[in-house]
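Fold and geometry: a report
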Amino acid sequence: SILKACGSTRNIRKGEQIHEVIINKKLLEKDIVLGNALVDMYVKCGVLVKAQQLLEKLPVRNVVSWSTLIAGYAEQGQSDKSLYCFERMKNDGFSPNMVTFICVLKACGHIGAIEKGKEIHDEIVNRGLLEKDIVLGTALVDMYAKCGSYVKARQVLEELPYRDVISWSTLIAAYAERGQGHEALVCFERMQREGLTPDHITFLSVLTACCRSGLLEEAQTLFGNINQKYDFNLNLKHQTCLVLGLGLVGRFDEGLSMIRSLPSCGYFAIWLAVLGGCRKWANVKLGKLAFDQTMQLDPSCASAYVLMADIFLASGMLEDAEKVEAMRLKYTK
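Conventions adopted
Residues numbered from 1 in each chain as written. Predicted model: local features only at pLDDT ≥ 70, side-chain atom pairs only at ≥ 80, totals over all residues. Heavy atoms only, no water. Disulfide = S-S within 2.5 Å. Buried < 20%, exposed > 50% of the residue type's maximum accessible area, 1.4 Å probe, protein only. Helix = DSSP H or I, 4+ residues; strand = E, 2+ residues; numbered from the N terminus. Contact = heavy atoms within 4.5 Å. Salt bridge = Lys/Arg side-chain N within 4 Å of Asp/Glu carboxyl O. 1 Å grid on protein atoms, 1.4 Å probe; cavity = no way out; pocket = protein on both sides within 12 Å on 5 of 7 lines; lining within 4 Å. Points joined across faces, edges and corners; volume = space filled by probe spheres on them. Nonpolar A, V, L, I, M, F, W, Y, C, P; charged D, E, K, R; others polar. Arc of directions from axis to C-beta.

Concerning the state of the cysteines
Under the criterion given, the structure shown has zero disulfides. Not part of a disulfide, Cys278 finds its nearest cysteine sulfur in Cys301, a span of 15 Å. Overall, Cys278 belongs to the buried group, its relative accessible area being 0%.

Observations regarding the environment of Ser300
Relative to the helices and strands, Ser300 resides in the loop between helix 18 (284-297) and helix 19 (302-314). Judged by its relative accessible area of 42%, Ser300 falls in the partly exposed class. For the pair Ser300 and Arg328, spaced 28 residues apart in sequence, the C-alpha separation works out to 7.7 Å. In this view, Ser300 contacts Tyr331 and Thr332; residues no more than four positions away in its chain are not counted.

Overview of the pattern of salt bridges
In this structure the tally under the stated criterion is 19 salt bridges. A salt bridge links Lys323 to Glu319; the nearest nitrogen and oxygen atoms lie 3.9 Å apart. Of this pair, Lys323 and Glu319 both sit in helix 20 (residues 318-331), four residues apart, which is roughly one turn of that helix. With relative accessibility at 49%, the residue Lys323 sits in the partly exposed group. Relative accessible area serves as the criterion here: at 55%, Glu319 is assigned to the exposed category. One connected set of salt bridges, linked through shared partners, spans Arg154, Glu158, Arg163, Arg190 and Glu194.

Here we look at the layout of surface pockets
Roughly 210 Å³ of volume is contained in the largest pocket. Lining the largest pocket are His19, Ile23, Lys26, Leu27, Leu28, Glu29, Lys50, Gln53, Leu54, Lys57, Leu58 and Pro59. Those elements that place two or more of their residues in the lining of the largest pocket are helix 2 (12-24) and helix 4 (48-57). The class makeup of the residues in the lining of the largest pocket is six nonpolar, two polar and four charged. A volume near 170 Å³ is recorded for the second largest pocket. Every residue along the wall of the second largest pocket is listed here: Thr208, Cys211, Arg212, Leu236, Lys237, Thr240, Cys241, Leu244, Gly245, Leu248, Tyr267 and Ala269. Sorting the residues of the lining of the second largest pocket by element identifies helix 13 (200-212) and helix 15 (236-248) as the ones contributing at least two each.

So, helix 1 (residues 2-9)
Each α-helix turn comprises 3.6 residues. Residues three or four places apart therefore point the same way. Listed in full, the buried residues belonging to helix 1 are Leu3, Cys6 and Gly7. All buried residues of helix 1 project into a common sector of 95 degrees when viewed along the axis, lining one side. What points out from helix 1, more than 90 degrees from its buried face, is the exposed set Ile2, Lys4, Ser8 and Thr9. Lining the buried residues of helix 1 we find helix 2 and helix 3 (32-44).

Looking at the environment of Cys211
Relative to the elements of secondary structure, Cys211 occurs in helix 13. Since its relative accessible area comes to 6%, Cys211 is described here as buried. Counting along the chain gives 70 residues from Cys211 to Val141, while the straight-line C-alpha distance between them is 23 Å. Apart from residues no more than four positions distant in its own chain, Cys211 is found in contact with Leu216, Ala219, Cys241, Leu242 and Gly245.

Take a look at the structure:
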């Protein structure tokens, strides 16, 4: 319990002191649960090298020991080490559990290791695990999508024994990342035909997909339907997404009108979205307005200076661009 508390508060100093007491009392020779708790504490504190060194010295290890370390490497983006530990675990004779598989699939997606992902997929199928756990199925969909294999991701999703909002939203989010609006909309409609109600995350993904692929009419229709047809309200992320989409196609008047209809215009991300649209169209007048608003809210935002300087450069206003660059150097670190 004390080691768990140290991990939760990232108190590595106290954790190391307790580790020393455990060693002096020779408790690790008797209790694998205590050894796993130590590994988990070091993982939670971000000291993964120490966690691995400890694990390899434990008198006895089990699948929980290895899965804890594999999850830690996956969470910190050290996917190669996560996959290395996965192979070490199997060489030790331990069979992966659900947690292990989910973590290594995340690692495969992060580095695009689709061949390794396919091997793991085959192992999961051979063990009949997809019939028991939708979270594992969703992790497979996410892995294939992250690796750019969208057809395979869709195939895996459709072959799952059952699907939920999260599994569909995972695929829709992948299409959004790639700007494939039509595909996202097809999945969105299919999900609803299966009797599933989209949540605010699903809507944000499908709006993003539509805006990135220029499907503004479809995005506005969806936007208008949210409050009328579903049990949640629009939030600022949805509104920012649509404002950005309008800006990218040069429909600035509609974007501004939408901003003015909000309870408060003081929302930083919306004005930053307007700046992004202004850069594409070299709209100096509106760009200045958006830049002034962002400066009032956060004068240390480097991206706002970069966007405004680009707008000036695209309009041939070199002196103004240099002034903005000087401001950036003064107010940002």
